[in-house]
Each structure stands twice: as structure tokens, then as C-alpha cells.
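Next come the chains, spelled out residue by residue.
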Amino acid sequence: MERPSEVTRLLRAASTGDRVALDELFPLVYDELRALARSCLVGDGAATLQPTALVHEAWMRLSRQESLGVEHERAFFGAAATVMRRILVDAARARGTRRRGDGQRDEPLPDEAHLAAAVEAFESRGADLVRLEEALEKLEHVDERKARLVELRFFAGLGMREAAAALDVSLRQAERDWTMARAWLHGAITDGGAADDARVGSPA
Amino acid sequence: MSADFQAVEESFFGALDLEGPERAEFLSALEQRDAALHAEVARLLDAHATRDGEFLLPPGEESLEGVDIAGFTIRRLLGAGGMGVVYEAEQTGPTRRVALKLVRSLPGVDRDAARIRYEAETLAALDHPSIAKVFGAGAFQHAGLDGAWFAMELVQGARPVTEFADEEGLGREARLDLVAEAARAVGHGHRRGVLHRDVKPDNLLVDGRGHLKVIDFGIARAAGLERDATLATRAGELIGSLATMSREQARGDPDAIDARTDVHGLGAVAYQLIGGVPLREVEGRALADVLRSIEEDAPRPLRAVSPGVPRDLATIVDTAVDPDPERRYAGVDAFVADLERFRAQRPILARPTPWLHRLRLFAGRNPAATRLAALLLVVVGTATWYVSRAADETAEARESEHAARTTEEIVAGFHRSLFESVRPRRALGSEVTVLDLLEGADESVRAELSEYPAALAEVLGTVGQTYLSLGAMERAEASLVRALEVAGETDAMPTIERARTLGAAGMTAAYLGRYESAEERLREALPVLAAAPNTGDGHHTSALLGLAMVCEHEGRKDEQVKLLEQVVAVANSARTNIVGLAHASLAARAQADRRFEDALEQGALAVEVLESSGHPDQPDLARAREAYAGALMSAGRLAECREQQALSLASLSRVLPPEHPDLDAARFNHALLLQRLRDLPAADEAFAASVETRRALLGDAHPRLAHVLHYHGWLLMDLDEHDRARAALDEAVAVQGRYLAGRGKESDAKLGSYLAARGMVESRAGAPADAVSFIERGLAHQTRVLRAKDPALASTLTMLGTVLVESKEFERALPHLERAYDIRAGHPQLAGHWMTANSRSALGGCALELGRVEEARAHLEGSIEVVRAALGDGDFRTQTCIERMVALYEWTGEGERLAEWRGLLAGD
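Residues numbered from 1 in each chain as written. Chains lettered and ligands numbered in written order. Predicted model: local features only at pLDDT ≥ 70, side-chain atom pairs only at ≥ 80, totals over all residues.

What chain A contains, in helices and strands, is ten helices and zero strands. Secondary structure elements of chain A occur, N-terminal to C-terminal, as α-α-α-α-α-α-α-α-α-α. Across the 204 residues that make up chain A, the buried fraction comes to 47%. In chain A, the share of contacts with a sequence separation of at least 24, taken over all contacts with a separation of at least 6, comes to 65%. (Helix = DSSP H or I, 4+ residues; strand = E, 2+ residues; numbered from the N terminus. Buried ≥ 20, exposed ≤ 12 C-beta atoms within 10 Å, placed from the backbone. Contact = placed C-beta atoms within 7 Å.)

Here is the structure:
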């Protein structure tokens, strides 16, 4: 069967809370976003890749192609945020590797160059993606909902209201979560991310 | 969440909610109680205070306070939308406070600073007290962000116009003042050659002193968003404008946007200000859903959401927000002028939208069958409108002296008489159906409208299309043909309207079995419908489906499949239910061609598409279920088949009149299932009913009547009602013969099948010689028209062989049976099917009778398990095959096997 139908099926399952479906969805959304990133950049290498625009564009394409409801939209943005996070963090790590000079290639692939540009765009706003990722993984262990909120906001570019809807919490709750997550992540990043292990711990 | 983390969070917020000495007190108490917890909370509070966490904000929400951009120092955030962020900023040079809008670059958007400045110069030339001034514009780059900036007049104490009106408790007059003020400002822009392109409440701000300012005039275009960005990359902005967006904007075609787009925006603002609700509800709906609704649905008439609004005012607003730009005011000035007329209590120029136009829009979206209940709602709703209109009769009389008798007015007058025909006595205590209404219309329309051909053609066309959707084919035909005649005589109908009427007439003819005239009409309509700007409206695809129907009946299979695939391709982006319907037809085609795997796949796809794309009672879904059920039946999945049929029958019975062909087809399919489930008396009743319906509906020369008679004949054979079986099959042969004669033909495959079945009656009745003669006649017809390998031949050959076997003419039988098996075994979709195995078993039985034991053994042993698995041991065909196994082992004397197979014979 065609891929869009597969995506639909998985979105449907994922929107009912099917974890396995969400995992299966991941590679499909990943491919979609990569393909989209490539097609967006063809012909204009100078354009900055905007991951959040990509995520919205991917959703528009999918939802115009198929008849998908608001519950699928939430599942999609959830998956897309995770995908975007992984793409960007991988790209940031790869760049780090190249910088240290232990990579095999001198020149990044075209696809990677665009991703590197996206990483630059994110990091120019003061975010070290690799360290953020380390802190976010810790936050996931102690409070997954807050980590998901950061993912939706930071990587999928959802507004507070949309993110609250995606997580099915009230706007007020989302705002509280956001305040806490920001302060916590900032602390975790500036302290090298290890100092608080004693307090919040992480399950073995 | 870990318990420790929770404690940290609680204390963090506990401290955050306090200030100054209270917070210090809270923290020192915490430190005494739990030093580690205190340290962690203090660290979080520090982090919170530094605001360094802002890097986490999504793009566009970064705080830029204190940052300089293009000579402006940003002071505070005023608001953020999808299109950009607006800050209050300070300019040095001329020292002033401005609203600084930053529009971020998007992929593919032109960031040419020179062009932005050029556009800004045009905008700066707008000089109107109600338009916020543009001071300048350009491109900017800052910390990884880049895009365009626009410096605009800062509106102090700005509130969106709707908010202002509600909070200040403004009355209708004051609200209309605001609408008129905004409209005059927009009109000023138009005279300077600038369209606003995004008129919505958020862009009409009212300042602290109650003055209205139009902001963002032409900004979307100047920022390159409209010209360069795809609809998708504007998703964020779209969401802000969806509630008021016009159809041409939703389509994302910048060339379709003109002054009437701004008329729509102003109308939408008026709609919300006067009606109290947004033009459309977008909260909580999926974007794709809203876009589809903009494309397909007309907004609710203003008086439907707010009955207290005066009729003329409602007409003005409804006209301004009409989805079709052609039906709106031609410009903002005309809109303002009509508003002024209303306020001066003079007659307005706009005319109410004829309800039949709405009805047709509705029927057009639900082609081929329309839900009566929904139609009645429309009818009742409009009837109410007319009743209230009648209350204004006196005022009306005065106005009508001035007004010209336009087509629309005539149509409206006609509608009134239409409703009078059903109210109130006739309607009292009895249900008035749309059919009743239309009958009334049909009677009076020709007389009343004879002097107004344009109106007459429109009404007749609509009446005809509605008849078509109700399944009243003869009446549809009469109305549509007359509509076309009137249109032809006077040249009064627009080309596209005529093509639609012609398409509907083609569909009607196809339903009535008048395939030649159907094809002629559809072929004439198709090029026009295909070239129409909006092919997603269903007329084009319906016509393609109609033509596919013609091809199906004429046996032009390849052409049919090609047309259906074209439907899928054309409709793929627009109307999922048409796609679903095409999949359903492809399933039916595959089923007829015995491509069972394809039929299952297409059928499942059709049901899946339609289940996810509309109302559960939509007739298209029922049709898809029917096609899928047919495939399931062939696959022997009877329980699933029964489930699909039950759903479809229940739904069709709710929605369609009893004599509708689709409902009849569903009953026919159900009869087939009953037969398959061996509930023969029930199946007999169902087939007989279907025969009656078709005889009455289709006449005595229609292939669909012959088709059901054929099946009924087989069933009657199973019931041993030989006389009735003979009568049914004789009639089938006669009907099909008349149908062929009418087309100048003598033979087709079906006529052959009916003759063969007729022969089988004689075989069952113990007259094998007569049987052979009938079947041979049938075979002769089929040989004339079918390819040598056609599976339809295999059925007839099998019958011939079987009858010959029964009359002990084994030598004669064998070659027929061999050929039948060869055809089936060589057919890609039939190779593993139980019918093929059944053929093979018959061949084995015959070989055994001729003493060719090893050949017989190979055939019999190679086929029996397939038959058993597919039909079960209880089926009479399985029993026949088992009897042959018994005969084989009796012959060879294999006692153990003999006992085993004997044990499987029923009754043993």
C-alpha cells in the first residue's frame, strides 16, 4: 500500500495512544521531513532551513492529501517534534565530530550542509544542541511531560496553546511546566548537567 | 515524575509566587528544613531570573527587548501572529514610538530589500485618517533571524474592532459606523491601487478615543508572503485568518484576489459585529477540514445565526460574504452605498440568494443521491425565511415598484408559490417530501416562467438535478431535456451551467439504460467540465463516472477502467468521496472480470477512504460497501460480507426512496448472499422483489432486468421450482434479446449465459437432450463474441460437460470439460480458485467413467481439498466432488480411503 495510507493508519493508531504505532510512525515522518528539507532547499542554497516551517509544511501536505482530523494533527506534531529533535541533534553531533577532525570526510554532504545551517540557526539563539539534548534526556527521566513540552515548543515550533492541546493539559498547566522546564534546563546546561544528579537522580 | 523532582517544583513555584521579603522568608525556612532542596530551588530561581532560558522559545517568540533593528530600539512585545511579531519600538531621527513589525523569512520567500522598500513606498502613499501610516520598511538580520521590517503608526490603546464593540457594549448603529469607516478606508486604498488582502477584526484596531485604524494594509504582499510563499509555509498566518478567509484566498491563488476579496473581508467583519459569531468556527478544527469547508460550504445566512437582524441588512452582509466573488458586490464602494441605503431606509440593490441555488450547491456535493432529511431542513429553513418575508409584504409592495424584474427575483417569486403549494394544509400532519415540492414546481414552472427563459432554464435544470439525486429518473430526464431546450433556443444559459445540466442529463440517460444518448451528452459536457476552473466540484468526476457506467454496460472494459482511473487521478486532490466511489467502481469492475484479489483490495480501499471522509450515511459509502461485499462473497468471507451488506442496506434504506436503483442493487446483492447462505426462500422473495422493481423502473428491454431474472432462475432451480425457473429464464433471454436487437446486435456473452442456464433447468427436470440443445445455443452466442480463453466460456463449457456426463455421453463431455479446466487453470486470478478445482473434479469424474483411472486420480486428488476448504463439506458441490472420490476408490479398490471418503458423504 502507498505510504500516505500507512502514515494515516499509524497516525490513527498513535492518536489513540498506541505507543508502538508512534514508534513505527517515526521513520516515515523522518523520511518525509528529510525529503521535504531537500526539496525546499533545491535552487536556493542560501535559504535558511526553518525546521518549524518544515514541520508545518509536512503536516499541510499530509493533511491535504488525506482526510485527517485534529487528533491526528496532535499525533503528527508529537512525532514530528521527536523527529526534528533527533535530526538536529544528530547534525549538531556530526558537526562536532567534523570540527574535532576525526571525521572521515572533509566536506559535508549537501543534505548535511543544510542541516548544519539549521543547527547554526538554532544555536545562534544561544542553544547548544548537544548539551541541551543531554539535559533534555535527564528531564525526560524525571518529568516526561515537561520534556515533551520543550520538544513540541522548541523543535516543532508549536505555540503554547497548541502544545498544551497536544499534551492534553490546560494552558495554565503548560505555562507552569514551561517556566519550570526552562529554569531547570538552564541550570542543567550551565552546571554541565551533572551537579543535580544527586537530587533528581535517574532510574538505573 | 519523581517525588524529589515534585518537591523541587512545588517549592520553586512556592517561592516564585512570592516577592521581596516574603520570598526571602520562604527560602530561609526552606533552607533550615532541607538544605539540598533549598540549593536546588535557589539555583532554579537564579536561572529563571537570568532569562537565559529564552533560547528555548520557538522562533518568533524570542524577546528582542532593547535590541536595535534598522535604527529602531525595541521596547516591548505587542503581539505575535503567524505572519510576524509586532513590537513597540522607538525611533531616533524623528523621535517617535512606532509599531515595528518583523516578518521572518520563510523558505522560498523573496528577501530582496529593494523590492520591500519599493512596496513600502506605495504603502506610504496611502494617506487616510483611518489607515495606520507606514513610515518605512526594509530587510533585517539579527542573531540568525532575517526577514523584513515594517515601521507603522502606533495605535495607542488598540483593540480589535470586535473586542472594542463588545467591551463597550455598542449598539447596531455604532457597529455599522465602524464597518462603514473601515470600508471607506479600504476603498481609499483601492483608489490608490492597493488591496488590503487581509481584512479581519485583528487588522481593524480601535484606539482609546474610539477611532478606527486599518493596519497591515497590503503588508502580506509587500513582505513577499502572498506572492512567493506557498500556502503551507503560511500555515501560521492562515490560522489567524481562517475565520474570515474568502474562497479565493484559501485556494492560494494570488491572481484570483481582487477588490472583491476585501469586500469579503469587510463583510466577514460586519457578519461578526452584527451577528455576534465569527463567519465560521475554526476553533479545534483541523486545518484541512477548515480549508475544505471554505471550499465547499456557504456561510450560514446571517438571519439564521441572528434572527433579529433586519432582512435588508442581512442581505447586504450575506451578499458581501458570498463564496463566489461574482455574486458579491463588485467593489467596496457598492458595499458602502448599499449600507448607506439601508441606513437611510431606502431600497437596497442586493438580492437574496435564491434558496434553490443553495439546494443545488448541496445536491451537487452529494451527487446521485441526496439525503431527504437534510434537504427538508434546507426547505424548512427557507420556508421560514419566506414566511418572515411575507410579514414584510407591505413594505415589499412599495419596493417592488422600483425594482426591475431580474432573473433572481423571478426565481424567488416562483419559489414562494412553490412553498405555498405545500403549506399549510397539505403539510399538516403529513410529511412533505422534496419530491412533493418538486412535483408542485414541475406543474407550475413552465407556465409561470415561460416569459423568462433564463430563469426557466435555471429552475428546470435544478429541478432535474434534484430529481436525479432522488432517483426519479424519468422526471429528471424530462426536466433536464426541457432545460437544455430552453437554454438552446434562447442562448440564455452560461456555458458551464449548460455543461452541468448536460452532464446530469447524461447521468440520467445512463441510469435509464439509454446508453447512446448518455454517451453523446456526457462526451459533449466533459471537455467543458474538465476545463472549468474548479474541477473539484464533482461535476467533472460525476460525468466521468457516468461515462464509465456506459462503458461497463457496453462491455468496453478497458475504457471503463481507464475512465475510473482518470476519476481517481482528477479527484485525488479534491474530493475524497469521488475517489472512494471510483475505487468502488474499480472493485466492481475487477469483480466482474474475476480479478478477485484486485476487487478485494479496491473494495477495502473504497470503504476505508469513504469511512474516513464523510457522513456514515453517505450513499457513496454504501455503494463502496456493496462492491466490497461482492468481493468478500467471492472470497468466501461470508460473515464480513453480511456485515458490510447489513450496514449498506440499513444506510440506503434510511437515505433513498424505495425505488432508487442503488437500493435495488443492494437488495439484489443481499439476495445473492442469502442464496449463498442457503436461505433459499428468503433469497427467492428478495429476487422476486428486485425483478418487480426493475420491470417497473427499467422497462422490458433493460439488461439489468435480464440480469436479475438470470439469478432468480438459478435460485428457482435450486428450489426445484422448474416451471418458475423456465419462466424466469425465458424472460431473461427475451429481455436481453430485445436489448440487443435495439442495438442492432444478435449475440453477447450474457445472452449465452442465460440460454445455458435455461438449459440447466431442463437438465434438472430430467430432459438432458433439451438441456444440451439450449446450452449449445448459448455456447454458440458466446463463441461469436468472446476470446477463446475467456472465463465466461469456461462456465458454459462446464455446464455442457456436466449435462453430457449426466446423460452418460462421456466421450462427448470430456473435451468440453478439458477446455473449461484449461481456461480456468490458465487464468491468473482463477488458477487457485475453488471454481477451477470444481472444474477439475468434474473432468476427473468424466475421465474415470472412461476408465482413464490415473488421469482421473490426478484430477480428483488434486482438486478435492481446494473445494473442501473453500465451500466446506456441507456444500452440495463439495458433496458431488466427494462422491467422485468415493467412485475413484471403489474403482481402484482402495478400501481404507474408500471408507474415509464415504464417511464424509452427507446422510451416511
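Before going further, it helps to examine the overall build of chain B. Secondary structure summary: chain B contains 43 helices and nine strands in total. Counting all 908 residues of chain B, 48% fall into the buried class. By sequence separation, contacts in chain B at least 24 residues apart represent 60% of the contacts at least 6 residues apart.

A word on the sheet that holds strand β8 (residues 204–206) of chain B. Sheets are built from strands paired through backbone hydrogen bonds, the pairs being either parallel or antiparallel. All names here are of chain B. Taken together, three strands build an open sheet; the order of strands is β7-β8-β9 and the sheet is antiparallel. Each having just a single partner strand, β7 (159–160) and β9 (212–214) make up the two edges of the open sheet. Relative to β9, β8 runs antiparallel, the two being bridged by three bridges. Residue pairing across strands places Leu205 opposite Lys213, the latter belonging to β9. Of the strands in this sheet, β8 and β9 are in contact with helix α6 (residues 172–191), which crosses β9 at around 35 degrees. (Pairing = 2+ DSSP bridges. Axes fitted to C-alpha atoms, helices over the stretch in contact; angles between N-to-C directions.)

Moving on, we come to helix α33 (residues 703–718) of chain B. Residue and element names in this part refer to chain B. With 16 residues, α33 extends 23 Å between its outermost C-alpha atoms, agreeing within 8% with the 22 Å of an ideal straight helix rising 1.5 Å per residue. In terms of burial, α33 is largely enclosed, as twelve of its 16 residues are buried. Those residues of α33 not exposed but buried are Arg704, Leu705, Ala706, Val708, Leu709, His710, Tyr711, His712, Gly713, Leu715, Leu716 and Met717. Buried residues along α33 sit against α31 (661–676), α32 (680–698), α34 (722–742) and α35 (749–764). Just downstream of α33 lies Asp720, where phi reads positive at about 60 degrees. (Expected span 1.5 Å × (residues − 1).)

Time to look at the environment of Pro527(B). Residue and element names in this part refer to chain B. Counting through the fold element by element, Pro527 comes out in helix α24 (residues 515–531). Assessed through the 10 C-beta atoms surrounding it within 10 Å, Pro527 is described here as exposed. Remark: the alpha-carbon pair of Pro527 and His540, spanning 13 residues in sequence, is separated by 8.9 Å.

Residues and elements named next belong to chain B. Position of Pro323 relative to the elements: it lies in the loop between α14 (311–320) and α15 (332–343). By C-beta crowding, Pro323 is classed as partly exposed, having 18 other C-beta atoms within 10 Å. It is 8.3 Å that separates the C-alpha atoms of Pro323 and Glu248, two residues lying 75 residues apart in sequence.

Okay, the nonpolar core next. Residue and element names in this part refer to chain B. Ranked by internal contacts, the top residues of the largest apolar core, which has 137 residues, are Ala587, Ala606, Tyr628, Leu729 and Ile775. At nine residues, the largest contribution of residues to this core is made by helix α29 (residues 619–634). The residues touching Ala587, leaving out its near neighbours within four places in the chain, are Ala599, Gln602, Gly603, Ala606, Ala627, Tyr628 and Ala631. Within the second largest apolar cluster, 71 residues are counted, among which are Ala165, Ala182, Leu204 and Val263. (Core = buried A, V, L, I, M, F, W, Y, C linked by C-beta atoms within 7 Å.)

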